[in-house]
Amino acid sequence: NMSENVHIVTKKDNDINIFEVKTNPSARRNIRDAISQLLDYAVHSGDNVTKIVIVSPAPLNSKDLSFFKNLKNVINFQLEYLEYSKDTKEIKKYE
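Keep in mind that what you see is a predicted model, and the values were worked out from it rather than measured.

Conventions and cut-offs
- Residues numbered from 1 in each chain as written.
- Predicted model: local features only at pLDDT ≥ 70, side-chain atom pairs only at ≥ 80, totals over all residues.
- Heavy atoms only, no water.
- Pairing = 2+ DSSP bridges.
- Helix = DSSP H or I, 4+ residues; strand = E, 2+ residues; numbered from the N terminus.
- Axes fitted to C-alpha atoms, helices over the stretch in contact; angles between N-to-C directions.
- Contact = heavy atoms within 4.5 Å.
- Salt bridge = Lys/Arg side-chain N within 4 Å of Asp/Glu carboxyl O.
- Buried < 20%, exposed > 50% of the residue type's maximum accessible area, 1.4 Å probe, protein only.

A. How the structure looks around the sheet that holds strand β4 (residues 78-84). Taken in spatial order, the five strands make up an open sheet running β1-β2-β3-β4-β5, and their pairing is mixed. If you trace the sheet from one side to the other, it starts and ends with β1 (8-12) and β5 (91-94), each paired once. Direction aside, neighbouring strands of the sheet carry axes that sit 20° apart on average. As defined by bridge partners, β1 adjoins strand β2 (residues 15-21) across five bridges and the pair is classed as antiparallel. When the bridges of β2 are listed, I8 appears paired with F19. Here helix α1 (residues 27-44) sits on the sheet in contact with β2, β3 (49-56) and β4, set at roughly 155° to β3.

Written out as structure tokens, the structure reads:
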């Protein structure tokens, strides 16, 4: 069951979005750790996964953003990065 392996699964019609939450202060580390898990879940689930989302407290600096955009170009899933702040409760989306 995929929902036992990822932090959040959302379903709307036939679209399934999966979210992996990471807490490391390094955005690059969180991307590396989350992307492998997300791709594993998405490919092996048998479900119609349309979007994979990394959720992290770390902002993307220019190198991280470049790394993230390069990943988006080679992955056959929609990919997002959500930066969250526990203090302000704000979320910034990188697409």
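B. Spotlight on the pattern of salt bridges. Evaluation of the coordinates by the stated rule reveals three salt bridges. A salt bridge links R29 to D33; the shortest N-O distance between them is 2.9 Å. Taken as a pair, R29 and D33 lie in helix α1 at a separation of four residues, close to a single helical turn. With relative accessibility at 46%, the residue R29 sits in the partly exposed group. Residue class for D33 comes out partly exposed when judged on its relative accessible area of 28%.

Function-wise, these values are silent; they only describe arrangement.
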